[in-house]
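# Examining the three-dimensional arrangement
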Amino acid sequence: MNELQNDELRDIKRGRIRVFYDGQCPSCRKDRRIFERLAGRRGDDIAWCDVTEYEQTLKAHGVARDTALRSLHIELKNGRLIEGIDAYRLLMKRIPWLVPGAYIIGLPGIKQGLRRYYDHWVEKRLKRQGRWSS
């Protein structure tokens, strides 16, 4: 999934997006609450969707449940999916003072390092919860 195009960025700022997250993960739920508090009205056009309740929607996009549990996915207004660090960057860009951080985590090297760390953290969490499948 490639970087966002300028027209998609405009649509995101105006249109509703769906964020698919792991609603069974306490940390993920906490992150959602923090984002909602920080975003205020900028978060009004976000539909938060628990992966376990939207398996069919994700499957229609070619995303298996296990894949969805391992990475944040966002569906844009045009139906395109953004996942991983790019999904986090998209959310961060909705909060003005987080925009510089969104830029930084997208830099080559930083983005790949964060992805490796995130993947490792998610694997440990899912194994601990007995929900990891290889």
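See the structure printed just above.
So, a few notes on the structure that sits alongside this text. Keep in mind the model is a prediction, meaning the values are calculated, not measured.

This paragraph deals with the pattern of salt bridges. Scanning all chains against the criterion turns up 11 salt bridges. One salt bridge in this structure joins R125 and D22, with 2.8 Å as the shortest N-O distance. Pair noted here: R125 is in helix α7 (residues 110–128) and D22 is in the loop between β1 (17–21) and α2 (26–39), with a separation of 103 residues, a long-range link. Like R125, the residue D22 is buried in the burial classification. A salt bridge links K111 to D86; the nearest nitrogen and oxygen atoms lie 2.9 Å apart. On the criterion of sequence distance, the pair formed by K111 in helix α7 and D86 in helix α5 (residues 85–92) is long-range, its members being 25 residues apart. Taking the relative accessible area as the measure of exposure, D86 reaches 11% and is therefore buried.

Counting residues in hydrophobic clusters, the biggest one holds 17 residues, and the most contacted among them are I17, V19, F35, I46, W48, I74 and L91. Elements that contribute at least two residues to this core include exactly β1, α2, β2 (46–50) and α5. In this structure, F20, A47, C49 and V51 belong to the second largest nonpolar core, which totals 12 residues.

Taken together, 4 strands build an open sheet; the order of strands is β2-β1-β3-β4 and the sheet is mixed. If you trace the sheet from one side to the other, it starts and ends with β2 and β4 (81–83), each paired once. Sheet twist, expressed as the mean angle between neighbouring strand axes with direction ignored, is 25 degrees. Along the sheet, α2 makes contact with β1 and β2, crossing β2 at roughly 170 degrees. Lying over the sheet, α5 contacts β1, β2, β3 (73–75) and β4, oriented at roughly 100 degrees with respect to β4.

A few words on α7. The end-to-end C-alpha distance of α7, which contains 19 residues, comes to 27 Å, matching closely the 27 Å that a straight helix rising 1.5 Å per residue would cover. Within α7, the full set of buried residues consists of Y118, V122, R125 and L126. Each buried residue of α7 sits inside an arc of 90 degrees when the element is viewed along its axis, so together they form one side. Residues of α7 that are exposed and point over 90 degrees away from its buried face: R116, Y117 and R128. In the core, the buried residues of α7 are packed alongside α2, α4 (65–70) and α5.

Along β2, 5 of the 5 residues are buried, which leaves the element largely enclosed by surrounding structure. Residue alternation in β2 divides its side chains into two sets, I46, W48 and D50 and A47 and C49, and both sets are buried. Sheet topology note: the β1/β2 ladder contains 5 bridges and is parallel. Paired with V19 across the strands is W48, a residue of β2. Remark: the β1/α2/β2 crossover connection has right-handed handedness.

Reading guide: rules and limits
Along each chain, numbering runs from 1 in the same order as the chain's sequence is written. Only residues with pLDDT of at least 70 are given local features in this predicted model, and only at 80 or more are side-chain atom pairs given and counted; all residues enter the totals for whole chains, interfaces and linings. To get the side-chain values, all heavy atoms of the structure are used, and hydrogens and water are removed first. Each reported salt bridge corresponds to a side-chain nitrogen of Lys or Arg within 4 Å of a carboxyl oxygen of Asp or Glu. Under the DSSP-based scheme used, a helix requires at least four consecutive residues in state H or I and a strand at least two consecutive residues in state E, with every element numbered from the N terminus. For every residue, the accessible area obtained with a 1.4 Å probe (protein chains only) is divided by the maximum for its type, and the residue is called buried under 20%, exposed over 50%, and partly exposed between those limits. By nonpolar core we mean a set of buried residues, namely Ala, Val, Leu, Ile, Met, Phe, Trp, Tyr and Cys, connected to one another through side-chain atoms within 4.5 Å. Pairing between strands requires that DSSP locate at least two bridges from one strand to the other. All axes here are fitted lines through C-alpha atoms, helices being fitted over the stretch that makes contact, and every angle between N-to-C directions spans 0 to 180 degrees. For this analysis, residues touch if any pair of their heavy atoms sits within 4.5 Å. A helix is expected to span 1.5 Å multiplied by its residue count minus one. Directions pointing from the helix axis toward each C-beta atom define the arc. Viewed with both strands pointing away, a crossover whose connecting path from the first strand over the helix to the second turns clockwise is right-handed.

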